[in-house]
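Observations on the model geometry
If you want the building blocks of each chain, they are given just below.
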There are 2 protein chains.
Amino acid sequence: MLTFYFAPHTCSLASHIALEDAGADYDLRRIDFGKTEQQSPAYLAINPKGRVPALVTPRGILTETPAMLAFVAQSFPAAKLAPLDDPFAFAEVQAFNSYLCSTVHVAHSHRMRGSRWVDAEDADSIAAMKKKVPQSVTACFELIERGMLRGPWVMGEAYTIADPYLFTLAQWLEGDRADLSRLPRVLEHRARMAERPNVNKAIAAELSS
Amino acid sequence: MLTFYFAPHTCSLASHIALEDAGADYDLRRIDFGKTEQQSPAYLAINPKGRVPALVTPRGILTETPAMLAFVAQSFPAAKLAPLDDPFAFAEVQAFNSYLCSTVHVAHSHRMRGSRWVDAEDADSIAAMKKKVPQSVTACFELIERGMLRGPWVMGEAYTIADPYLFTLAQWLEGDRADLSRLPRVLEHRARMAERPNVNKAIAAELSS
């Protein structure tokens, strides 16, 4: 049995959708960011980084979305969520996911989590970071739009673990005031994902728990 | 044949060492950051992100360190650079590498690359970011020190692709003015890595090319 720790409106949605896609049996545990529960001693014992997602498995605890997505794909091979027998094709999926976590998500985080990188009291610098988010997030997604997103799915004809991750980060485009007019293919992908029953099931479960 | 694009003193060293560890046959191409060659049309055709590393393979081009490291491990299984047949253990390696790319490297980048996240002309905010780097980088490495680094190698007894990556980012500790007194085990690991012939070969090749 797996236990999946998440918070609504965060990147944990990507792994949550992948668990649904895999047909995995798992318990869902919400971490309440409103009460800073991610910094509670009980949760820090699960994930010392104080972030979501975390996945408790019989072997131990996993964190970090790209690692978790690959784990789900490899643990449930029948679901065909990644090209597991082709190191190059698998690396392409992983390169996409790595770009999302290390560049796209990071650009977004400067809107709400600026105090990770400047003193929390430095209101001017926090504001300066926020101000750049529309531009930096749009630039990140334009690279996806023009080159990485093959269509209809990220990797082309085959749906993979890259798709729920892109969908998850694309949820934040409006909040980040990205220039949507430059991202028609990203928005098309987002709409395509939103039609999938597993996506709706995961979102509904997060909002009702 | 593989062609590996790198720049000295960047995170590309991690994949470079892994290619040596794998016994791979590859050509080395230096990208001159001093001449902003990473933004040249010729290099942007290889990697539109304008970053290193990039690995040109007969199948296509790969980017992103965690993806490249896993690709090297999977493509050269005889080198035993990752627990390839154990999805959980493989995910632990990948979670470590993902933390390095999305959190540790990002904390470091606020010292020299602040203009990614605020306007380049905003000297005060750029300076505010620089000022926090010693604290944020130390905090990142303390999590590694206290919990993630099992010793003697990152994952314990077995050397993996997590080791050259940690070594590479630990090169920057002094420049980032991290509190080294709090990181004895990280420094021990760095010294252990520095004794490996493949590490010295990779560094020497980067500095002489």
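Up top you'll find the structure we're talking about.
Fair warning: this is a prediction, and the values are worked out from it, not measured in the lab. (Residues numbered from 1 in each chain as written. Chains lettered and ligands numbered in written order. Predicted model: local features only at pLDDT ≥ 70, side-chain atom pairs only at ≥ 80, totals over all residues. Heavy atoms only, no water.)

Here we come to the overall build of chain A. Regarding its fold elements, chain A presents eight helices and four strands. In chain A, the succession of α and β elements from N to C terminus is β-α-β-α-β-β-α-α-α-α-α-α. Expected size for 209 residues packed as a compact globule is a radius of gyration near 17 Å; at 17 Å, chain A falls within 12% of this value. Summarising its shape, the C-alpha atoms of chain A cover approximately 50 × 45 × 30 Å along the three principal directions. (Helix = DSSP H or I, 4+ residues; strand = E, 2+ residues; numbered from the N terminus. Rg over C-alpha atoms; globule rule 2.2 N^0.38 Å.)

Turning to helix α1 (residues 12–22) of chain B, a few remarks are in order. All names here are of chain B. Burial of α1 is extensive: 11 of the 11 residues sit out of reach of the surface. Among the residues of α1, S12, L13, A14, S15, H16, I17, A18, L19, E20, D21 and A22 are the ones counted as buried. Tucked into the core, α1 has its buried residues touching β1 (2–6), β2 (26–30), β3 (54–57), α3 (65–75), α6 (162–170) and α8 (197–208). Where α1 terminates, the next one or two residues include G23, which has phi positive at roughly 70 degrees. (Buried < 20%, exposed > 50% of the residue type's maximum accessible area, 1.4 Å probe, protein only. Contact = heavy atoms within 4.5 Å.)

Residues and elements named next belong to chain B. The contact between helix α5 (residues 123–148) and helix α7 (residues 184–194) brings their axes to 8 Å, and the two run at 80 degrees. Of the possible angle classes, the one that applies to α5 and α7 is roughly perpendicular. Residues F141, I144 and E145 of α5 pack against P184, R185 and V186 of α7. The residue makeup of the contact of α5 with α7, split by class, is four nonpolar, no polar and two charged. (Axes fitted to C-alpha atoms, helices over the stretch in contact; angles between N-to-C directions. Parallel < 35°, antiparallel > 145°, perpendicular 65-115°, else oblique. Nonpolar A, V, L, I, M, F, W, Y, C, P; charged D, E, K, R; others polar.)

In this section: the interface of chain B and chain A. The partner chain A presents 49 residues to the 49 residues of chain B that form the contact. With a shortest N-O distance of 2.9 Å, A:R59 and B:D86 are connected by a salt bridge. Our enumeration of links across chain B and chain A arrives at 10 residue pairs in polar contact (both at pLDDT 80 or more). Sorting the residues of the side of chain B that touches chain A by element identifies β4 (60–63), α3, α4 (87–112) and α5 of chain B as the ones contributing at least two each. Broken down by element, the residue count for the side of chain B that touches chain A peaks at 16 residues, all from α4(B). (Salt bridge = Lys/Arg side-chain N within 4 Å of Asp/Glu carboxyl O. Polar contact = N/O pair within 3.5 Å; in protein donor to acceptor, adjacent residues only side chain to side chain.)

Attention now goes to the sheet that holds β1(B). Sheets are built from strands paired through backbone hydrogen bonds, the pairs being either parallel or antiparallel. Residue and element names in this part refer to chain B. If you trace the four strands from one edge of the open sheet to the other, you get β2-β1-β3-β4, paired in mixed fashion. Of all strands in the sheet, those bounded by a partner on one side alone are β2 and β4. With direction set aside, neighbouring strand axes in the sheet form an average angle of 20 degrees. (Pairing = 2+ DSSP bridges.)

To continue, consider the relation of the copies chain B and chain A. Both copies of the chain are related by a screw-like operation: a rotation about an axis and a shift along it. When chain B is fitted onto chain A, the two copies agree to an RMSD of 0.0 Å after a turn of 180 degrees and an axial shift of 0.0 Å. Here the symmetry operator amounts to a two-fold rotation axis. Every residue of chain B has its C-alpha some distance from the rotation axis, and the shortest such distance is that of B:S102, at 2.0 Å. (Least-squares fit on C-alpha atoms with pLDDT ≥ 70 in both.)

To continue, consider empty space enclosed by the protein. Within the structure shown, the criterion is met by one cavity of 30 Å³ or more. Along the walls of the largest cavity sit A:P66, A:A67, A:Q94, A:S98, A:C101, B:P66, B:A67, B:Q94, B:S98 and B:C101, which together make up its complete lining. For the lining of the largest cavity, the elements supplying multiple residues, two or more each, are α3 (65–75) and α4 (87–112) of chain A together with α3 and α4 of chain B. Looking at the lining of the largest cavity, its residues break down into six nonpolar, four polar and no charged. (1 Å grid on protein atoms, 1.4 Å probe; cavity = no way out; pocket = protein on both sides within 12 Å on 5 of 7 lines; lining within 4 Å. Points joined across faces, edges and corners; volume = space filled by probe spheres on them.)

Moving on: the environment of B:F88. Checked against the element boundaries, B:F88 lands in helix α4. You can call B:F88 buried: its relative accessible area is 4%.

Moving on, we get to the pairing of strand β1 (residues 2–6) of chain A. Residue and element names in this part refer to chain A. Most of β1 sits inside the fold, with five of its five residues counted as buried. Burial of β1 is two-sided: the residues L2, F4 and F6 facing one way and the residues T3 and Y5 facing the other way are all buried. The sheet contact formed by β1 and strand β2 (residues 26–30) spans five bridges and is parallel. By the bridge assignment, L2 is partnered in β2 with Y26. Handedness of the β-α-β unit built from β1, helix α1 (residues 12–22) and β2 comes out right-handed. Strand direction decides the pairing type here: β1 and strand β3 (residues 54–57), joined by three bridges, are antiparallel. (Right-handed = clockwise from strand over helix to strand, strands pointing away.)

That bond from A:G151 to A:P152 is cis: its omega, -5 degrees, falls within 30 degrees of zero. Residue placement: A:P152 occurs in the loop between α5 (123–148) and α6 (162–170). The amide bond that connects B:V52 to the next residue, B:P53, takes the cis arrangement and shows omega of 0 degrees. For B:P53, the location among the structural elements is in the loop between α2 (41–46) and β3. Unlike most non-glycine residues, A:H9 shows phi in positive territory, near 70 degrees.

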